[in-house]
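So you can see what is in the structure, the chains are spelled out below.
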Protein chains: 4
Amino acid sequence: MNTFGRALRITTFGESHGPGIGVVLDGLPSGVSISVEAIQAELDRRRPGTSPYTSPRREADRVEVLSGLYTGRTTGAPLALWIANTDARPADYAKLAQLYRPSHADFTYTLKYGHTDPQGGGRSSARETAARVAAGAVAQQFLQQAIPDLQILAWSCAIGPFTTAYRPTDRTEIERSPVRCPDPIVSAEMERYLAELQIAGDTTGGIIAVEARGVPPGLGEPIYDKLSARLAYAMLSINAARGFEIGEGFAAASTLGSVHNDPFHKDASGRIRPATNHAGGVLGGISTGEPLFFRVAFKPIATLRRPQHTVTRQGEEVIFSAEGRHDPCPVPRAVPIVEAMTALVLADFILLNRLYKH
Amino acid sequence: MNTFGRALRITTFGESHGPGIGVVLDGLPSGVSISVEAIQAELDRRRPGTSPYTSPRREADRVEVLSGLYTGRTTGAPLALWIANTDARPADYAKLAQLYRPSHADFTYTLKYGHTDPQGGGRSSARETAARVAAGAVAQQFLQQAIPDLQILAWSCAIGPFTTAYRPTDRTEIERSPVRCPDPIVSAEMERYLAELQIAGDTTGGIIAVEARGVPPGLGEPIYDKLSARLAYAMLSINAARGFEIGEGFAAASTLGSVHNDPFHKDASGRIRPATNHAGGVLGGISTGEPLFFRVAFKPIATLRRPQHTVTRQGEEVIFSAEGRHDPCPVPRAVPIVEAMTALVLADFILLNRLYKH
Amino acid sequence: MNTFGRALRITTFGESHGPGIGVVLDGLPSGVSISVEAIQAELDRRRPGTSPYTSPRREADRVEVLSGLYTGRTTGAPLALWIANTDARPADYAKLAQLYRPSHADFTYTLKYGHTDPQGGGRSSARETAARVAAGAVAQQFLQQAIPDLQILAWSCAIGPFTTAYRPTDRTEIERSPVRCPDPIVSAEMERYLAELQIAGDTTGGIIAVEARGVPPGLGEPIYDKLSARLAYAMLSINAARGFEIGEGFAAASTLGSVHNDPFHKDASGRIRPATNHAGGVLGGISTGEPLFFRVAFKPIATLRRPQHTVTRQGEEVIFSAEGRHDPCPVPRAVPIVEAMTALVLADFILLNRLYKH
Amino acid sequence: MNTFGRALRITTFGESHGPGIGVVLDGLPSGVSISVEAIQAELDRRRPGTSPYTSPRREADRVEVLSGLYTGRTTGAPLALWIANTDARPADYAKLAQLYRPSHADFTYTLKYGHTDPQGGGRSSARETAARVAAGAVAQQFLQQAIPDLQILAWSCAIGPFTTAYRPTDRTEIERSPVRCPDPIVSAEMERYLAELQIAGDTTGGIIAVEARGVPPGLGEPIYDKLSARLAYAMLSINAARGFEIGEGFAAASTLGSVHNDPFHKDASGRIRPATNHAGGVLGGISTGEPLFFRVAFKPIATLRRPQHTVTRQGEEVIFSAEGRHDPCPVPRAVPIVEAMTALVLADFILLNRLYKH
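Just so you know, these numbers come straight off a predicted model, no measurement behind them. (Residues numbered from 1 in each chain as written. Chains lettered and ligands numbered in written order. Predicted model: local features only at pLDDT ≥ 70, side-chain atom pairs only at ≥ 80, totals over all residues. Heavy atoms only, no water.)

1. Considering the interface of chain D and chain C
Counting residues at the interface gives 106 residues for chain D, matched by 108 residues for chain C. The largest contributions to the chain D side of the interface with chain C come from K112(D), Y224(D) and R242(D), which together make up 12% of the buried area. Our count for the chain D to chain C interface comes out at 47 residue pairs in polar contact (both at pLDDT 80 or more). Grouping the constituent residues of the side of chain D that touches chain C by class yields 48 nonpolar, 37 polar and 21 charged. Two strands pair when backbone bridges link them, and strand β11 (residues 241-246) of chain C and strand β11 (residues 241-246) of chain D are joined in this way by three bridges, in the antiparallel orientation. Residue pairing in the sheet places E245(C) in a bridge with G243(D) of β11(D). (Contact = heavy atoms within 4.5 Å. Buried area = accessible area lost by both parts, 1.4 Å probe. Polar contact = N/O pair within 3.5 Å; in protein donor to acceptor, adjacent residues only side chain to side chain. Nonpolar A, V, L, I, M, F, W, Y, C, P; charged D, E, K, R; others polar. Pairing = 2+ DSSP bridges. Helix = DSSP H or I, 4+ residues; strand = E, 2+ residues; numbered from the N terminus.)

Okay, here's the thing in structure tokens:
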């Protein structure tokens with residue numbers, strides 16, 4: 001169950017404080033050109049320590065290709081990527097291993113597995129997402145070559161109480177903000193808020209919006225594997241994700257059908273298409289060809305410098321304060337993870353779509 | 001891709017206007033007592049025509065067991081259920097087949113498959129959910145026998161602008177409301193609103209809340225198959241579902257970590273557990289043993305009596321009004337569907353959990 | 001685990017003495033023309049009572065389409081087929097249910113499941129293969145439309161001590177023999193032998209050979225899902241199958257490499273291909289484009305009229321003789337089953353092969 | 001499709017002449033003690049250069065654990081193993097890349113993928129089997145802890161024309177023979193034969209027999225995933241495997257039912273069981289509790305020093321002789337691979353069997 005995908009499958013492995021993190025991509029067609037630099041560039045976007053609002057763990061996060069490429073192109077064999085851990089300090093975690101950190105997975109892992117790795121969250125650490133980002137960067141390269149018009153953009157649309165409805169036109173608008181919010185005014189508010197939280201030793205949640213343009217129509221399978229259902233699955237599999245909505249999402253619940261429906265018309269080029277896109281690009285679980293739009297909610301990061309009540313594994317009450325500097329909000333660094341999972345879902349569907357017509 | 005589940009798998013088949021709808025359940029342990037009457041009772045809850053606020057199609061929806069039972073108990077062989085269509089009127093759909101109904105899947109099915117069945121939405125019809133409900137009723141019976149304390153309750157917590165935070169204690173509170181809202185005052189408002197919409201020929205969306213008590217700790221697999229991720233997947237696979245949130249969900253995005261975190265304590269019985277449940281019963285993708293709580297947003301039903309703009313398959317602009325009476329809101333009838341999918345997800349995880357300890 | 005296939009999946013259900021036997025095919029592309037008569041014709045080939053050498057159970061074996069077709073063509077929705085049981089006589093089996101029939105699966109089903117259906121072997125009955133034949137007939141029709149040159153022939157190449165190396169050119173040569181052996185002299189010997197066994201109340205095993213011509217090159221996945229491995233899997237899943245060999249098979253074990261190797265050359269049309277085909281059409285798990293050739297060994301049918309020692313479920317020693325007339329050899333009726341499984345495996349790989357090039 | 005297994009899954013990656021070979025095991029229960037030395041010992045058994053009858057490539061084949069262990073025990077997280085290539089000489093293969101070696105997979109990989117890695121067979125190299133052996137050694141350790149009585153023995157029962165029906169009592173009898181044949185007289189003949197073939201620059205095939213004692217009853221799933229079918233699948237997935245038979249196998253085809261049937265009796269300890277074991281331990285696809293017995297046929301190794309006809313990729317006829325020393329027979333080194341795949345299949349079924357009773 002460390003595997004995701006059907007036609008294009010990723011299997012990830014590795015712990016936060018072991019030798020490293022890896023991913024095997026299986027099902028990539030042969031002949032796809034893969035730039036290791038482009039994978040590295042995505043990893044660099046996810047890496048901690050790249051802005052004032054991220055924790056300072058300074059992993060080099062250098063990706064290595066273990067298999068599957070020949071002369072820079074895929075061969076049809078599994079592509080394995082490896083990112084060595086260079087900042088693993090198991091000793092730091094000896095103390096943590098004695099207590100259940102509030103809202104951490106230590107508790108549920110222990111309930112489930114009995115024997116687990118307490119170091120840095122082990123497998124539950126956000127470090128696992130480095131493997132997703134690396135795999136997603138490969139999927140992105142496949143997509144660029146298969147569907148050149150496809151563009152996936154993700155950005156911070158809410159951090160704490162600060163929100164924006166602005167939709168960026170390209171990644172530059174997003175990346176110039178240290179919190180990955182393309183609306184400069186809201187970005188400034190978010191930054192101020194995060195700086196305050198860092199001082200207070202507190203954290204906040206946030207929301208990431210995703211728009212994918214140029215998605216071909218016909219992606220998604222009607223019943224259980226709807227495009228919307230697989231996206232929800234992928235997004236809720238990300239650490240700290242707590243909600244998903246597509247198109248109008250929760251707002252659609254209080255909207256009239258006559259307002260929410262997207263009437264069909266013939267556009268200027270003579271193509272039949274919906275005149276509006278309240279559906280967020282998916283109808284009956286299948287892409288319409290209109291931009292895909294969805295949002296993912298994240299809870300605040302559980303690790304706080306502020307003192308919290310908790311208990312040891314033996315049940316003694318203790319006060320716990322996390323040491324060191326931690327991210328005040330998961331959202332800025334989760335942007336490339338959300339993009340990666342989106343790319344993996346779309347690449348999977350694009351491959352599967354080769355099967356459906358006679 | 002008409003299959004859902006891993007240890008307990010359902011495969012559904014059938015169209016709205018063909019001979020009927022079926023489901024094969026594979027992976028049920030042998031020796032589970034199955035009451036066909038209990039399956040029928042769930043189907044009756046989903047059936048149209050059972051309240052003033054549902055469409056009048058009067059399907060008998062009688063379930064038949066085609067295989068897998070011997071003397072009323074499962075044998076380990078696949079359990080197949082069949083619900084014959086008795087109200088299928090293919091002729092009614094000849095006219096519809098000529099145009100794209102706004103926000104219906106006719107459009108995307110045609111884009112995807114080329115050759116499709118236009119009758120009554122064919123496979124995309126909500127009729128497919130009868131098979132889910134039947135399968136879910138089987139999963140419920142397995143759960144009752146395996147985990148007697150487990151109780152799954154779903155209810156309408158929002159219809160149009162009317163919402164309630166009330167949590168019912170049992171199903172009676174829900175079922176006495178014709179809109180399945182356990183809060184009597186809000187239920188009355190919702191009923192009035194739906195009656196108005198029926199007169200206006202319009203529709204609305206809504207939100208279903210789910211609470212599952214007695215969920216054993218340790219369900220869920222850490223990375224991609226988190227309990228929360230599989231629930232999101234299952235819920236977004238339901239027709240008209242547009243959003244999913246677990247625990248505090250989207251509200252967590254604007255909450256402080258120090259407020260949202262659930263501190264651990266030792267309860268009165270000496271068991272270590274979270275003192276609050278903002279997590280909605282899932283931490284790191286694994287159940288904590290606290291009540292599971294999540295919500296699912298539905299968009300308004302697309303079929304309206306009010307006239308709408310659309311185009312024929314040839315692109316001519318036409319005005320389209322649906323004839324007959326249709327449900328004004330998907331939510332009341334979706335309650336048993338949401339429960340069914342919840343039961344299927346939980347049964348699947350409960351079986352899988354037998355694999356994880358040595 | 002009642003599902004087989006990856007891109008084209010079948011899920012079968014039903015017992016020997018319940019209402020009937022069914023199969024759901026999922027993953028068929030839309031737009032494939034399906035003739036129900038052609039499915040029925042294949043079922044008629046498998047049906048008991050069609051030759052002196054088969055048991056006389058006279059099932060009508062009429063196939064019904066429950067879903068997935070519109071105007072005679074597939075829609076992309078699952079195609080479900082149903083074959084009602086008309087000769088089920090549960091009462092006949094009350095006595096059998098008290099003892100373990102030698103070499104029957106009653107014993108192992110009871111060990112595995114505890115609670116099982118003793119009637120006519122329940123799910124372990126050869127009746128389940130009717131569903132495979134129906135599904136295979138659908139796969140055959142897809143193959144005929146996708147790869148018109150592909151031809152699958154299976155025949156009895158050994159029954160008891162009588163064997164032939166003759167390879168038929170078409171199905172007529174096979175079907176004119178009541179034991180499905182295309183070599184008329186050997187067929188006559190086999191017939192005589194089976195008539196003697198019927199008098200003696202004994203049974204025998206046999207071997208089925210398969211040749212598939214026109215198989216496109218490139219089918220099969222290199223490592224675990226080799227074409228040869230998936231064929232072995234499919235064949236050994238048939239009741240009473242005990243061995244599989246491809247190309248020279250077991251004989252290759254005592255052959256020199258210099259003799260067994262197939263040198264490459266340029267054929268008359270200038271195409272590079274192996275000059276011989278000891279490999280049976282598969283190299284490194286992938287089809288070469290040469291005819292696929294493999295053989296499947298079947299053990300004798302376990303049900304004998306001759307008295308045999310066995311024990312009751314309570315362990316009392318008893319003498320057991322099967323009543324009525326039974327097939328003296330599984331092979332003649334297994335020929336269409338072997339063809340069906342071959343068609344399903346090839347259709348699955350042909351669909352999957354759409355995924356492998358960029 | 002580089003994944004094998006259902007409850008216990010392996011995913012392998014890596015090429016013969018890349019950085020190394022890896023495997024990810026997913027689905028191992030937590031708390032299994034894993035000895036890296038025991039994995040290494042199995043790899044040493046498969047390693048080339050360990051007897052006069054194996055090729056001299058001197059890979060160190062050191063296994064490294066990349067993830068999944070904590071204090072020597074599994075944690076429920078994926079266990080990843082890595083074996084670095086130390087004897088990769090890509091340059092050696094530049095010449096080979098120009099021609100199609102007879103009976104090698106270069107030809108079919110090129111047909112399938114277009115762009116492939118010609119170095120040392122790339123992914124089709126027998127080197128991939130090192131990953132299987134490592135994974136199998138982990139499965140063996142799980143089995144030893146879960147079912148201490150279970151013992152898997154594999155041996156060479158035929159090499160070229162020399163065959164033995166002798167069944168060894170333990171691994172020592174097998175391992176003292178340089179060709180892994182437990183019958184000392186036949187072993188000596190086989191050794192002489194292989195020495196002659198080495199001089200002649202030729203190769204031969206052979207057969208491996210497997211006996212597994214202490215297999216619990218009830219393993220295997222009735223229809224497609226019969227124990228026999230999954231074993232056939234696993235065995236035919238091994239490079240150069242050409243045939244599989246279980247119990248009496250192909251010989252059963254010419255045996256009378258009255259002779260082949262295994263009558264049930266009560267044994268000395270009062271347990272009901274078959275009095276004979278012609279079935280090889282599997283009835284109706286499910287283990288009986290009697291020893292599992294099956295055989296796997298291998299074709300001769302395709303790489304010969306003797307000159308052979310072939311063509312270049314451009315179709316020019318050439319004479320090709322492999323340089324260096326190569327194994328004269330695949331069987332001695334395939335013994336640990338066959339054992340590994342057996343262990344993986346059994347471990348998978350033993351885990352799945354936890355799901356089948358209520």
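There is more to say, and it comes next.
2. Focus on the interface of chain B and chain D
The interface of chain B with chain D comprises 15 residues on the first partner and 15 residues on the second. Interface area lost by chain B to chain D is led by R354(B), L355(B) and H358(B), which between them contribute 54%. Across the chain B-chain D interface, the total number found is zero salt bridges. Scanning the region where chain B abuts chain D turns up three residue pairs in polar contact (both at pLDDT 80 or more). Those elements that provide at least two residues to the side of chain B that touches chain D are α3 (128-146) and α8 (331-352) of chain B. The biggest single contributor to the side of chain B that touches chain D is α3(B), with three residues. Its residues assigned to classes, the side of chain B that touches chain D comprises nine nonpolar, four polar and two charged. (Salt bridge = Lys/Arg side-chain N within 4 Å of Asp/Glu carboxyl O.)

3. As for the sheet that holds strand β3 (residues 20-26) of chain C
Taken in spatial order, the five strands make up an open sheet running β1-β2-β3-β7-β4 (chain C), and their pairing is antiparallel. Of all the strands in the sheet, just β1 (3-4) and β4 (63-67) of chain C have a single pairing partner and so form its edges.

4. Examining the relation of the copies chain D and chain C
When chain D is fitted onto chain C, the two copies agree to an RMSD of 0.0 Å after a turn of 180° and an axial shift of 0.0 Å. Accordingly, the operation relating the two chain copies is best matched by a two-fold axis. Across chain D, the rotation axis passes nearest the C-alpha of Y233(D), at a separation of 2.3 Å. (Least-squares fit on C-alpha atoms with pLDDT ≥ 70 in both.)

5. Details of helix α1 (residues 36-46) of chain C
Restricting attention to buried positions, one finds in α1(C) the residues I39(C), Q40(C), E42(C), L43(C), R45(C) and R46(C). At the N-terminal boundary of α1(C), the capping side chain belongs to S35(C), with an oxygen 3.3 Å from the backbone nitrogen of E37(C). (Buried < 20%, exposed > 50% of the residue type's maximum accessible area, 1.4 Å probe, protein only.)

6. Re the pairing of strand β8 (residues 151-159) of chain D
Residues and elements named next belong to chain D. Most of β8 is tucked away, with eight of its nine residues classed as buried. Sheet topology note: the β8/strand β10 (residues 206-213) ladder contains eight bridges and is antiparallel. Each residue of the ladder has a partner; that of I152, found in β10, is A212. As paired strands, β8 and strand β9 (residues 162-163) are joined by two bridges and run antiparallel to one another.

7. Let's talk about the sheet that holds strand β7 (residues 79-84) of chain D
All names here are of chain D. Taken in spatial order, the five strands make up an open sheet running β1-β2-β3-β7-β4, and their pairing is antiparallel. With partners counted over all chains shown, the strands left at the sheet margins are β1 (3-4) and β4 (63-67), one partner each. Relative to β7, β4 is paired through four bridges, and the arrangement is antiparallel. In the sheet register, S67 faces β7, and the bridge partner there is A80. Along the sheet face, helix α1 (residues 36-46) touches β4 and β7 and points at about 135° away from the line of β4. (Axes fitted to C-alpha atoms, helices over the stretch in contact; angles between N-to-C directions.)

Functional significance is not addressed by these values, which are geometric in nature.
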